[in-house]
Amino acid sequence: MALLIKNGIVYDPLNNINGEVMDIMIDGNKIVSSINESKAQVIDASNKIVMAGGVDLHSHIVGPKVNSGRILRVEDHYKDLVAKTRFTRSGSGYSIPSTFVTGYRYAIMGYTTVCEPANPPLKMIAVHDELNDIPMIDKTSFILFGNNWIVMEYLKEGKIKECAAFIAWVLKRMKGYVIKIVDPGCEEEWKWGNDIEGLDKEVNNFGITPKEIIRGLCEVNKLLSLPHPIHVHTNMLGTPGNYRITIETMDCVKNIANNNQPLIHMTHVQFHSYGGSNWASLSSATDEIADYVNKNKHVTIDMGQIIFTDTTTMTADGSFEYKLQKLTGERWVNSDVEVEESAGIVPIHYRRNNYVHAVMWAIGLELALLVNDPWRVFMTTDHPNGGPFTYYPKVISWLMSKKARERVLKRIPRMSRRRTNLEDIDREYNFYEIAIITRAGIAKILGLKNKGHLAPGADADIAIYDFNPKQYDPSRDYKEVVRAFSKAAYTIKDGEIVVKDGEIIKPVIGKTFWVESEISRDLESSIASSLNEKFRDYYTVSVDNYVVPKDYLYKPWPIQVKAKI
Amino acid sequence: MVIYENVLCSVCGCLCDDIEVTVEENKIVKVRNACAMGTTKLLNYYKERNTKPLIKKDGKLIPTNLDEATSKVAEILVNAEYPLIYGWSLCSSEAIKVGIELAEEVGGVIDNQASVCHGPGIQALHNSGLPTCTLGEVKHRADLIIYWGCNPEDAHPRHLTRYTLSPKSKFIKDPKERKLVVIDVRNTITAKKANLFINIEQGADFELISALRAALKFEEIEEERVAGLAVEQIEEFAEMLRSCKFGVIFFGQGLTQSLGKSKNIEAAIALVKDLNDYTKFALIPIRGHYNVAGANEVTAWQTGFPFAVDFSKGYPWYNPGETTAVDILRRGESDAALIVGSDPLAHFPKEAADHLAKNPLAVIDPDISVTALAADVVIPSAFTGIEVSGTAYRMDRVGLLMKKVVDPPEGVLSDEEILRIILKKVRILKGVA
């Protein structure tokens, strides 16, 4: 069916459209250049903002870790119970919403694509079983490789092509999209209860350093022509003074880069930009981080903004969660996965009167404000680690309004203000830049050519927000920004109006996409027999049952690329 | 003749995935690698089986067709104020998903067997967290394996050989490096294999754990004996825990359902947390049925709550003790029930069972159970993992796809398909289709 979005104020940075009043035409599930207007349904978008549907680069929405979080935090659900309606299923919300509620809440904010960023391959049946139950949005999964024995062994032996073939095989077989690296090497040590510091110490039993793992996987990523760079949660997360290792991580792949193309994405950098040497001397080191990012085009980052609220931390960085529960005395889940990875969960309540939390809050915003190029910094809260994704409108308002930031700044401890730079930053994002850091830039770095923009040929995933820039100034009227971005006037998914006036009017099922990197047959068969052997020795499941069949996904959507090997 | 390799076994929470099944003319004739339970099920599942839907007329169950039977179930559920939908540990997660939707549609309660087995462990998780790992971690690293209140040699026969005591390990070259400890009130067949058997006094688990935590921190224990054990023995055991490289406690219903219930597990979690300050230690519930873990997983991600979910208010509500099956039945609150893949009449306390039988009762099950004999309508379903495929979750929450190796009997559908028909009919009756 044809749809005509009339007279919207369009922000479409990938096509250099900055607030022009124009029409967007949709036929079926695609944006087109012309339609038969007499037969089209018309949406009057005058005095409203039109953007491509939001894309979330990093949000923990499914997987055994997320589900453990739901079970751990039953008390968190009681304050946010969601009843069934004519169109929607029931569920529960707050920091780790149930699957249906997750889909609905994203759609209501005008988001149409979300990446789940940390899944161990062994648990991919669970991941896809759960992803199938997330309605409304397109979704994908990033697969953890940074502590995988088979990866470490191949890299140690210098078998980079075989390592790449193995990773291509896992991504295709288990249906994942990105090479995710979490605390490389160190999680293998954590499985013995140990810790290693720095990027240059060898991992016990494997004789390889974290730096070698990062560099190896970066090479693999290039060999496989994967659409997204390696997605790295580097070592020493959440530790005062860790900005040095963050810069070291970015720098260690610099000489692999060519043509200034991004080849490493550093995620939730707020947790990795700490100065000082202990919690008492904690300070912001965003000057150093932003300076590095500004000078080096091979890097992109996302914020990992924190929100002052009760939320739940969950990460494949099990060793960090161990330390966090020692620090806070909170409940602790740890879950180590054979051969592959670890994970941990600890609830946390970020409070604005807590000196450390206030510094963390400022750091996230500073990163977005000090990195000059919005195409290389993306908005995330590392949901739910920094705070629930439902706070995105608030983050947008902080980025667009110094006044909004000052409202919080004057309420945080004076010491936190002194140890951060936020007070001195005047920059305010405009809607064009907001469109970049919430959809266009993210779609681009994910290599999703049909998403994040509104040119003919793009997927008809569109958000319309009830905000009139002629009437309101986002800098002054930041509360209007929060209102408008919290409840989209319309969300259009695959050409259908699914949300109207902030309410779901049509439940739909989104696609699940993954990458299939085609490698040479010879290489593929050369690793087959050794893989069989490794599986027999290493895993408790057979290689036959280590698979997610394509038809297991409700709406499978493979993305094919051609490898260089 | 077809030989299927790496078939999953649909008996216990071990979910062994290396079974070899030989099929001749749609009949399983040979089974390799499975334990006695698995082999027996795979070779004999189809015997003494009813393949026709049954409906009660004049006090007797008589054969009917699927259409009438499903209509009857839909009618029972729609006419009830507060129906209970219970079972699920012997179903695929695909079926459980439809079950949850059905419970939501009729405003009933959906509960699963965790309610009467490992529920207290899950409640302890709410309060304390859980340091745990997959079974492969145990296979490669564990030099200290503790079975507490469980008897895997009987109930999970391949657990020791496949996952804990004797599997091939990357790091443990000699199986003798592994120490096996069993803590139980009885000298079980698992205990007979142990390097150390701790014969604990009935109902004294909490005391023993508390004493161990004290001993671990070199606190003075004033008593001479705790839980029937000399303090010296407890101190020795604490030293054994502290000095291992990787320890794991598997706990069963001896811990979850004995005096103290969830408090026992909270204490065990606290012990394991303490131990992680010295070494690496994990705790794994040894789950019974092949997909009881999956019932908790699916219910949790769809509703936020792992079992005992009440939809009578339109949103999910969870409060063990209030919304758990046995408690609802004992208080006489439910006025109808649908049982899927479970036999509560054979296992629930008498008052609960009586109330269940007194009210309209529907059963979906591949077998004729005790509950089925008392039901108003019985719908036979196909055996998941034998006749139909589906997802199940191992005790360590690793999801696996169960294979189909033979066709179900003519006209016998999967739990999922039957539930979908019922859901559709419920919606028609409610006028919301």
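Just so we're clear, the structure is a prediction, and the values are computed from it rather than from any experiment. (Residues numbered from 1 in each chain as written. Chains lettered and ligands numbered in written order. Predicted model: local features only at pLDDT ≥ 70, side-chain atom pairs only at ≥ 80, totals over all residues.)

A word on the overall build of chain A. Secondary structure assignment for chain A yields 18 helices and 26 strands. Dimensions along the principal axes, computed over C-alpha positions, put chain A at roughly 65 × 55 × 50 Å. The contacts in chain A between residues at least 6 apart in sequence include a share of 77% that link residues at least 24 apart. (Helix = DSSP H or I, 4+ residues; strand = E, 2+ residues; numbered from the N terminus. Contact = placed C-beta atoms within 7 Å.)

With that settled, consider the interface of chain B and chain A. Each partner contributes to the interface: chain B provides 51 residues, whereas chain A provides 46 residues. Those elements giving two or more residues to the side of chain B that touches chain A turn out to be β1 (2–7), α3 (93–106), α4 (119–128), β8 (129–133), α5 (135–141), α7 (159–164), α12 (292–303) and β22 (399–402) of chain B. If one sorts the elements of the side of chain B that touches chain A by residue count, α5(B) sits on top with six residues. A breakdown of the residues in the side of chain B that touches chain A according to their chemical character gives 19 nonpolar, 17 polar and 15 charged. As paired strands, strand β18 (residues 332–336) of chain A and β8(B) are joined by five bridges and run parallel to one another. (Nonpolar A, V, L, I, M, F, W, Y, C, P; charged D, E, K, R; others polar. Pairing = 2+ DSSP bridges.)

Take the domain arrangement of chain A next. Residue and element names in this part refer to chain A. As assigned here, chain A comprises domain 1 (2–52 + 460–504) and domain 2 (54–445). A C-alpha centroid distance of 29 Å is found between domain 1 and domain 2. Taken together, the contact between domain 1 and domain 2 spans 28 residues of the former and 29 residues of the latter. For the side of domain 1 that touches domain 2, the per-class residue count stands at 18 nonpolar, six polar and four charged. (Domains from an automatic or database assignment.)

Attention now moves to the domain arrangement of chain B. Under the domain assignment, chain B is made up of domain 1 (2–43), domain 2 (50–117 + 290–430) and domain 3 (119–285). Split by residue class, the side of domain 2 of chain B that touches domain 3 of chain B holds eight nonpolar, two polar and one charged.

Right, let's talk about unusual backbone geometry for a bit. Only a minority of non-glycine residues have a phi that is not negative, and only a minority of peptide bonds are not trans. Residues and elements named next belong to chain A. For the bond running from His383 to Pro384, omega is -5 degrees, close enough to zero to count as cis. For Pro384, the location among the structural elements is in the loop between β20 (377–378) and α13 (392–400). A positive phi angle, near 65 degrees, is found at Met236, a position not held by glycine. One non-glycine residue with positive phi stands out, namely Val339, at about 70 degrees. The topology assignment puts Val339 in the loop between β18 and β19 (344–349).

All names here are of chain A. Mapping Phe320 onto the fold places it in helix α11 (residues 318–328). We classify Phe320 as buried; it has 27 C-beta atoms within 10 Å. Along the chain, Phe320 and Ala404 lie 84 residues apart, while their C-alpha atoms are 32 Å from each other. Those residues within four positions of Phe320 in sequence are excluded, and the remaining contacts are Leu237, Gly238, Thr315 and Gly344. (Buried ≥ 20, exposed ≤ 12 C-beta atoms within 10 Å, placed from the backbone.)

What follows is about the sheet that holds β1(B). Residue and element names in this part refer to chain B. With antiparallel pairing, three strands are arranged side by side in an open sheet as β1-β2-β3. Either end of the sheet is taken by a strand with one partner, and the two such strands are β1 and β3 (27–32). Averaged over all pairs of adjacent strands, the angle between strand axes in this sheet comes to 25 degrees, irrespective of strand direction. For β1 and strand β2 (residues 19–24), the ladder comprises four bridges, and the chain directions are antiparallel. Residue pairing across strands places Val7 opposite Ile19, the latter belonging to β2. Sitting on the sheet, helix α1 (residues 36–44) is in contact with β2 and β3, with an inclination near 165 degrees to β3. (Axes fitted to C-alpha atoms, helices over the stretch in contact; angles between N-to-C directions.)

With 14 residues, helix α8 (residues 210–223) of chain A ought to run about 20 Å at 1.5 Å a step, and its terminal C-alpha atoms sit 20 Å apart, in line with that. Counted residue by residue, α8(A) has twelve buried out of 14 residues, so it is predominantly covered. (Expected span 1.5 Å × (residues − 1).)

Let's shift gears to helix α17 (residues 415–430) of chain B. Residue and element names in this part refer to chain B. If you check α17, its first and last C-alpha atoms are 22 Å apart, about what 16 residues at 1.5 Å a residue would give, namely 22 Å. Its buried side turned inward, α17 meets α2 (66–79), α3, β18 (337–340), β19 (361–365) and β20 (377–380). The first or second residue beyond α17 is Gly431, which carries a positive phi of 70 degrees.

Right, let's talk about the packing of helix α5 (residues 149–156) of chain A against helix α6 (residues 160–174) of chain A for a bit. Residues and elements named next belong to chain A. Remark: α5 packs on α6, axes separated minimally by 8 Å, with the N-to-C direction vectors making an angle of 160 degrees. Accordingly, the angle class assigned to the pair α5 and α6 is roughly antiparallel. For the crossing formed where α5 meets α6, the hand is left-handed. Within the contact between the two elements, α5 uses Ile150, Val151, Tyr154 and Leu155 and α6 uses Glu162, Cys163 and Phe166. Partitioned by chemical class, the residues of the contact of α5 with α6 number six nonpolar, no polar and one charged. (Parallel < 35°, antiparallel > 145°, perpendicular 65-115°, else oblique. Left-handed = near helix turned anticlockwise from the far one by under 90°.)

A separate point is the nonpolar core. With 341 residues, the main nonpolar core has A:Ile167, A:Leu367, A:Ile464 and B:Ala268 as its most contacted residues. Considering each element in turn, this core owes the most residues, eleven residues, to helix α12 (residues 355–370) of chain A. With sequence-adjacent residues up to four places away left out, A:Leu367 is seen in contact with A:Val269, A:Gln270, A:Ser273, A:Thr286, A:Ile289, A:Ala290, A:Ile301, A:Met303 and A:Val377. (Core = buried A, V, L, I, M, F, W, Y, C linked by C-beta atoms within 7 Å.)

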